[in-house]
Amino acid sequence: MYLAWLTFLVLAAEGWAQDDDDGPYRGKLLGKLNSYHHQVTGEVYAVDDWTLLLVNFNYDGTGDDTFFWAGDSARPGPQGFIVPDEHGKTNILERYYNAEVRISLPEGKRVSRLKWFAVYDIASQNAFGDVYVPDEFEAPAPQTAATLAGTGVSSATLQLLDAKTILVPEFRYDGAGGEAYFWAGAGPQPSARGFKLPDEYGYLEPIPAYRGADVRLTLPGAHTLFTISWLAVWDATSRRALASVLLPERPNVPPALTTLHPHSSTLPSCRQLHRDLQVSWEVFGNQLTIQLAGKIGDNEYMAFGISGSSSRSQMLGADVAVASFEPEFQRGRATDYNITALAPCVQVLGQWRGVCRDERLGAQDSNQVFTASRTDGVTVVTYRRTLQPSEPIDREWVTDKPMFVVWAVGALDSEDEPTFHRLWPRADVVLNISQTADHSADDCVEFSVGSSSAATPWETAELFDPTLRVFSFSLGPAGGARGVAGRGEAGGGGAPLAWYVNGQLAPDLQIRRGLHYTFKVFGGNNPHSAHEYHPLIVSVEPRGGLEQLPEAAQRAVRVLAGVHYTRRGRLTATAAGPLCLAAHAAGADPRRAADHATFRAFNRTLQWSCAAGPAAELQVAPNDTWPDLVYYNSFTHAGMGGRIFVVDRPKRNLNKKGNGAALAGSSLALLLLGAAVAAAARL
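Residues numbered from 1 in each chain as written. Predicted model: local features only at pLDDT ≥ 70, side-chain atom pairs only at ≥ 80, totals over all residues. Heavy atoms only, no water.

Participant: What am I meant to see in the overall build of the protein chain here?
Facilitator: Along its length, the protein chain carries four helices and 48 strands. Taking all 683 residues of the protein chain together, the buried fraction comes to 51%. For the protein chain, long-range pairs separated by at least 24 residues make up 66% of all intrachain contacts whose partners lie at least 6 apart in sequence. Here the protein chain displays about 32100 Å² of accessible surface, and carbon together with sulfur accounts for 50% of that area. Across the protein chain, the centroid of the 59 positively charged side chains sits 9 Å from that of the 72 negatively charged ones. (Helix = DSSP H or I, 4+ residues; strand = E, 2+ residues; numbered from the N terminus. Buried < 20%, exposed > 50% of the residue type's maximum accessible area, 1.4 Å probe, protein only. Contact = heavy atoms within 4.5 Å. Areas by Shrake-Rupley, 256 points an atom, 1.4 Å probe, with all protein chains shown as cover. Lys, Arg positive; Asp, Glu negative; His and termini not counted. Charge placed at Lys NZ, Arg CZ, Asp CG, Glu CD.)

Below, the structure is given as structure tokens:
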């Protein structure tokens, strides 16, 4: 009896120890391949009941008719079936050397119903290597835990989806905690020695109120379900758990589909700003070295710098570096920017305002790039600048007290200028860069890299009713990843605002050659404003934002409506009407626009505010010289508009691909909504 228990413990330890001692958790170990011929070796893991993972797999590739082979007979033989290779093909196996091979069983087959898995040659009916599936084998699968319940907190039964992912269904939190976080750790009960979990969007700031949301949490860095014992909602102010749940010990779950990136900063101090962004720094004399590391897209930037306010984190007035990597030249950038308005850099009455390079403002770039790299989706840029500003527009990095900073992540436009960010903090961010400060709380962790799915964009409305002659243009939020930015269209996205046409977010329009149309414009008519002045234009170029372009580039764009040239040859907009603007409700978080499954649901949360005065009317009369596809946009800002299909006779289903879905029967409703917006503007 003693020997039986000892054998069980040894086998269990062999299946579990690999997570702690032999590298990352890969699933449940079936065993090592028994090697018979052709140098077949390796370990076989069950990822779940449909997937196997071969680790350090070797095969010399010289078999005549060799496949991955599995079956439920007593031993490997001709009664088995082919398991497709890692590419999903049933081709004869080629050579493998210390490979990691992930393969899926054919439809209807399960690991728990197999007796064996083999590298098998059908011609000779020989197994070159095999492993046997233990009796009563249970493949890794999502597990459950108890519910979160406590002070102002509740949820349904927690689901442990894989080794790093916890789903908290129907999560409710009243928001009354002083400074509440998702919190996890080891030990018999929650304590201050735990660590923050990023929320479902990756932010590390206090969580807001939740009203029955399904919250998907991912454990940061090297943490897994095997290194923690509990999950809690932790109030850092009172240092107590508002609610907590104990997690099962060593749950039999699938491994995570991510791996740890090897990046680790060599600078002495480091702060995790977001799940996908960290900053590290070192002060030496009057020099400050800063390293930004982020899991960002190929054409994205990381912005970091001194807040525009000494009492809180504020973008307006901030002095920031905009860092990115140029793969073509294998070099990094950390360009010095000054934020004089919350808008792209545009000319306002002859002066540049907005997010502008210091050089454009007549100053110098104070940042010197040292090193830069991009590997496996992680961009790292290290740069240096002086603590003391060398020019009046720059701000000072102080070392005698904490200071407020700002950061953001977003896309670069076609001119390599930063567009509106997709990630940014709402809570204050405070750093103390002094060498004598206590940096024991530095919290940087490894980045998790792997496959990730983007939010599905909302359907693009189509205003194709041939009876429509009047279109009403107003402004509203661009909708984040599900809105204009998610469509992936040329010139689309990257702006905080977008055109709402007859109440729809940047829809596709259809107009007919030979007819006359009236575009009623409510985009703002105050030329002193960098962010609320949007004359409407129609052009053959999808980007818009002509005001940002040099004069020669402006002249190269064919504009069909909305501009004229002054006597001095300057391009001037003509269709600027009073501002009618939809905005997020007070207290709403604009970063969570993707929570809404449809534009209609998102639109219901907006609040409209319209200035008095008649609309500017832009008369549009397409003719035979117009191409079949043109664009409406803002004269001042890029990426706010949509497409206009120009036809000789009315057509339907012009864009039946991707997210182009016709809104059949809705033309009258859209027209009434547009009329309501126009009426509100006249009040």
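Participant: Explain the sheet that holds strand β1 (residues 28–32) to me, please; I cannot follow it from the model alone.
Facilitator: Two orientations exist for strands paired in a sheet by backbone hydrogen bonds: parallel and antiparallel. Within the open sheet, the four strands sit side by side as β1-β3-β4-β7. Their pairing is antiparallel. Two strands lie at the open edges of the sheet, namely β1 and β7 (96–104), each paired on one side alone. For this sheet the average axis-to-axis angle between neighbouring strands, irrespective of direction, equals 15°. (Pairing = 2+ DSSP bridges. Axes fitted to C-alpha atoms, helices over the stretch in contact; angles between N-to-C directions.)

Participant: When you look at the confidence of the model for the protein chain in this model, what are you seeing that I'm missing?
Facilitator: If pLDDT is low for a region, its predicted coordinates should not be looked at in detail. Residue-level pLDDT values for the protein chain average 89, and 91% of them are 70 or greater. Note on residues 1–21: pLDDT is under 50 here. Beyond four places in sequence and across chains, it has 16 contacts. Here residues 657–683 is modelled with pLDDT under 50, and outside its nearest four sequence neighbours on either side it reaches 44 contacts, counting other chains as well. (pLDDT = per-residue confidence, 0-100.)

Participant: For this particular structure, what's the right way to read the pairing of strand β10 (residues 143–150)?
Facilitator: Regular strands have side chains that alternate between both faces of the sheet. Judged from the five bridges that link them, β10 and strand β11 (residues 153–162) form a sheet pairing that is antiparallel. Looking across to β11, one finds that glutamine 143 is bridged to leucine 160. Counting the residues between successive antiparallel strands, the hairpin from β10 to β11 contains two residues, one of them, glycine 152, with a positive phi of roughly 70°.

Participant: Can you help me understand the sheet that holds strand β48 (residues 642–647) in this one?
Facilitator: The six strands are arranged β34-β38-β48-β47-β40-β41 in an open sheet whose pairing can be described as mixed. Single-partner strands in this sheet number two, and they are β34 (462–463) and β41 (559–561).

Participant: Explain unusual backbone geometry here, please?
Facilitator: For residues other than glycine, phi is negative in most cases, and the peptide bonds are mostly trans. With a phi angle near 55°, glutamate 136 is a residue other than glycine that sits in the positive phi range. Structurally, the position occupied by glutamate 136 is in the loop between β9 (126–132) and β10. A positive phi angle is found at glutamine 330, which is not glycine, with a value near 50°. Position of glutamine 330 among the secondary structure elements: in the loop between β23 (319–326) and β24 (331–339). In this structure glutamine 330 comes out as exposed when scored by relative accessible area, which is 56%.

Participant: Please clarify how the side chain of arginine 513 should be interpreted in this entry.
Facilitator: For arginine 513, the position within the fold is in the loop between β38 (508–512) and β39 (517–521). A polar contact of 3.3 Å, which involves the side chain of arginine 513, links it to the backbone oxygen of asparagine 623. In terms of polar contacts, arginine 513 uses its side chain to reach the side chain of aspartate 648, at 3.2 Å. When sequence neighbours within four positions are dropped, the list of residues in contact with arginine 513 reads Pro622, Asn623, Asp624, Trp626, Pro627, Asp628, Val646, Val647 and Asp648. (Polar contact = N/O pair within 3.5 Å; in protein donor to acceptor, adjacent residues only side chain to side chain.)

Participant: Teacher, can you tell me more about the pairing of strand β21 (residues 287–295) here?
Facilitator: Within β21, seven of the nine residues are buried, leaving the element largely enclosed by the surrounding structure. Bridge analysis of strand β20 (residues 277–284) against β21 gives eight bridges, and the strand direction is antiparallel. By the bridge assignment for β21, glutamine 278 is matched with alanine 293. Hairpin remark: β20 followed by β21, antiparallel, with two residues in the connecting loop; positive phi at glycine 285, about 65°. Relative to strand β29 (residues 378–386), β21 runs antiparallel, the two sharing nine bridges. Across the sheet, the residue bridging to glutamine 291 is threonine 382, located in β29.

Participant: Can you help me understand the state of the cysteines in this one?
Facilitator: Put plainly, a disulfide is one covalent bond tying together the sulfur atoms of two cysteines. Tallied over the full model, the rule gives three disulfides. A sulfur-sulfur distance of 2.0 Å marks the disulfide that ties cysteine 345 to cysteine 356. For the disulfide bridge between cysteine 345 and cysteine 356, the dihedral angle about the S-S bond is near 100°, and by the sign convention the bridge is right-handed. You can see cysteine 345 sitting in the loop between β24 and β25 (346–348) and its partner cysteine 356 sitting in strand β27 (residues 355–357), a full eleven residues away along the chain. For cysteine 356, a relative accessible area of 0% gives the class buried. The partner cysteine of cysteine 580 in its disulfide is cysteine 610, sulfur to sulfur 1.9 Å. Of the two residues, cysteine 580 sits in strand β44 (residues 580–584) while cysteine 610 sits in strand β45 (residues 606–610), which places them 30 residues apart along the sequence. (Disulfide = S-S within 2.5 Å.)

Participant: Can you help me understand the pattern of salt bridges in this one?
Facilitator: For side chains of opposite charge, pairing can occur when their charged atoms come near one another. This model, assessed by the stated rule, comprises 25 salt bridges. The residue glutamate 326 makes a salt bridge to arginine 333 at a minimum N-O spacing of 3.6 Å. Like arginine 333, glutamate 326 is buried. With a closest N to O distance of 2.7 Å, arginine 513 and aspartate 628 form a salt bridge. Here arginine 513 is found in the loop between β38 and β39, whereas its partner aspartate 628 is found in the loop between β46 (616–620) and β47 (629–634), with 115 residues between them in sequence. (Salt bridge = Lys/Arg side-chain N within 4 Å of Asp/Glu carboxyl O.)

Participant: Hey, could you run me through the nonpolar core in this one?
Facilitator: In summary, soluble globular proteins display a tendency toward joint burial of nonpolar side chains. Ranked by internal contacts, the top residues of the largest apolar core, which has 42 residues, are Phe471 and Phe519. Of the residues forming this core, the biggest block, five residues, is contributed by strand β36 (residues 497–501). For phenylalanine 471, the contacting residues outside a window of four places in its chain are Leu463, Val501, Asn502, Leu509, Ile511, Tyr517, Thr518, Phe519 and Lys520. Grouped together as the second largest cluster of nonpolar side chains are 31 residues, Ala145, Ala163, Phe182 and Val245 included. (Core = buried A, V, L, I, M, F, W, Y, C linked by side-chain atoms within 4.5 Å.)

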